[in-house]
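Summary of the model geometry
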Amino acid sequence: MKNFKAILSLFKQTFITALLAVVGGLIVSFLYARRLSVPIQRLDRFARQLAGGDLSQRIDIQTGDEVQSLADSFNHMVEKLNRSNRELVKTARQAGMAETAVDLLHNVGNVLNSVGITTQDLMRKVRQSRMASMQPLIDLMEGQGDNLPDFIANDPRGRKLPAYLSGLSTHLHEDHR
């Protein structure tokens, strides 16, 4: 019986030692798993925030392993995305300004084209104006001096002067309109 008690005592000690080892192993495993899973869960939440467009966040994980390296890579990626986003906004703003300038230049070109056409039309009308025929008439009348009334009354060219001046007046009035 003494042997049996010794075996039973040894069995109890072995069972308690094994139970303590299993419980200790479970506790250590739980702590180690938690040490790994909590930072990974934080990284998962962070990645979801980034995917949602929130580029204002940063993540700080100090585990000294690959998870910390991954967190640092995420932060570096966010910085690059923010830089790219700022450059895209700047480029879009410049493109908008360029489009506005093109529209403005197009409108200015239209106005200048209208001014050019109007100027050409006015120049054509001035060239066609009867004002050019006034100078020979003035020269003819001044050449008569004090003899102008007699010239108008008796000379065939002078007799045409009143009708010519009347017609010229009508044309000048039309040109003026």
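Summarised in this report is the structure supplied together with it. Keep in mind that this is a model prediction, so the values were computed, not measured.

**Here's the deal with the overall build of the chain**
Counting secondary structure elements, the chain contains six helices and zero strands. Of the regular secondary structure in the chain, the N- to C-terminal order runs α-α-α-α-α-α. Relative to the globule expectation of 16 Å for 177 residues, the C-alpha radius of gyration of the chain, 53 Å, shows a markedly less compact shape. On the principal axes, the C-alpha backbone points of the chain span a range of 180 × 25 × 15 Å. Taking all 177 residues of the chain together, the buried fraction comes to 12%. Once local pairs closer than 6 in sequence are excluded, the contacts in the chain between residues at least 24 apart make up 48%. Carbon and sulfur atoms form 62% of the exposed surface of the chain, whose accessible area is close to 14,300 Å². In the chain, 22 positive and 18 negative side-chain charges are present, and the distance between their average locations comes to 21 Å.

**Re the packing of helix α1 (residues 2–51) against helix α2 (residues 66–128)**
Helix-helix packing is described using two parameters, namely the angle between the two axes and the distance between the axes. Packing of α1 against α2 leaves a shortest axis separation of 10 Å and a crossing angle of 15 degrees. If you check the angle between α1 and α2, you find them roughly parallel. α2 is crossed by α1, and the crossing has left-handed handedness. Facing α1, whose interface residues are P39, I40, L43, F46, A47 and L50, α2 presents V67, L70, A71, F74, N75, M77 and V78.

**A closer look at the environment of G109**
Along the chain, G109 falls in helix α2. Note on G109: relative accessible area 33%, which makes it partly exposed. Between the alpha carbons of G109 and S84 there is a distance of 37 Å; along the sequence they are 25 residues apart.

**Looking at the nonpolar core**
Counting residues in hydrophobic clusters, the biggest one holds nine residues: L43, F46, L50, I59, I61, V67, A71, F74 and V78. Of all the secondary-structure elements, those providing two or more residues to this core are α1 and α2. With four residues, the top contributor of residues to this core is α2.

**Notes on the pattern of salt bridges**
Taken as a whole, this structure holds three salt bridges when the rule is applied. Of the charged contacts, one joins D121 and R124 as a salt bridge, the two residues approaching to 2.2 Å between their closest N and O atoms. Pair noted here: D121 and R124 are both in helix α2, with a separation of three residues, about one helical turn. Note on D121: relative accessible area 30%, which makes it partly exposed. Since its relative accessible area comes to 35%, R124 is described here as partly exposed. The residue R157 makes a salt bridge to D155 at a minimum N-O spacing of 3.6 Å.

**Brief notes about a nonpolar patch on the surface**
Together, F4, L8, F11, F15, I16, L19, L20, V23, I27, F30 and L31 give the surface a local cluster of nonpolar side chains, amounting to about 1,200 Å² of exposed area. Here I16 lies in helix α1.

Criteria and thresholds
Residues numbered from 1 in each chain as written. Predicted model: local features only at pLDDT ≥ 70, side-chain atom pairs only at ≥ 80, totals over all residues. Heavy atoms only, no water. Helix = DSSP H or I, 4+ residues; strand = E, 2+ residues; numbered from the N terminus. Rg over C-alpha atoms; globule rule 2.2 N^0.38 Å. Buried < 20%, exposed > 50% of the residue type's maximum accessible area, 1.4 Å probe, protein only. Contact = heavy atoms within 4.5 Å. Areas by Shrake-Rupley, 256 points an atom, 1.4 Å probe, with all protein chains shown as cover. Lys, Arg positive; Asp, Glu negative; His and termini not counted. Charge placed at Lys NZ, Arg CZ, Asp CG, Glu CD. Axes fitted to C-alpha atoms, helices over the stretch in contact; angles between N-to-C directions. Parallel < 35°, antiparallel > 145°, perpendicular 65-115°, else oblique. Left-handed = near helix turned anticlockwise from the far one by under 90°. Core = buried A, V, L, I, M, F, W, Y, C linked by side-chain atoms within 4.5 Å. Salt bridge = Lys/Arg side-chain N within 4 Å of Asp/Glu carboxyl O. Patch = residues over 30% accessible without salt bridge, like charges linked within 9 Å, V, L, I, M, F, W, Y side chains within 5 Å.

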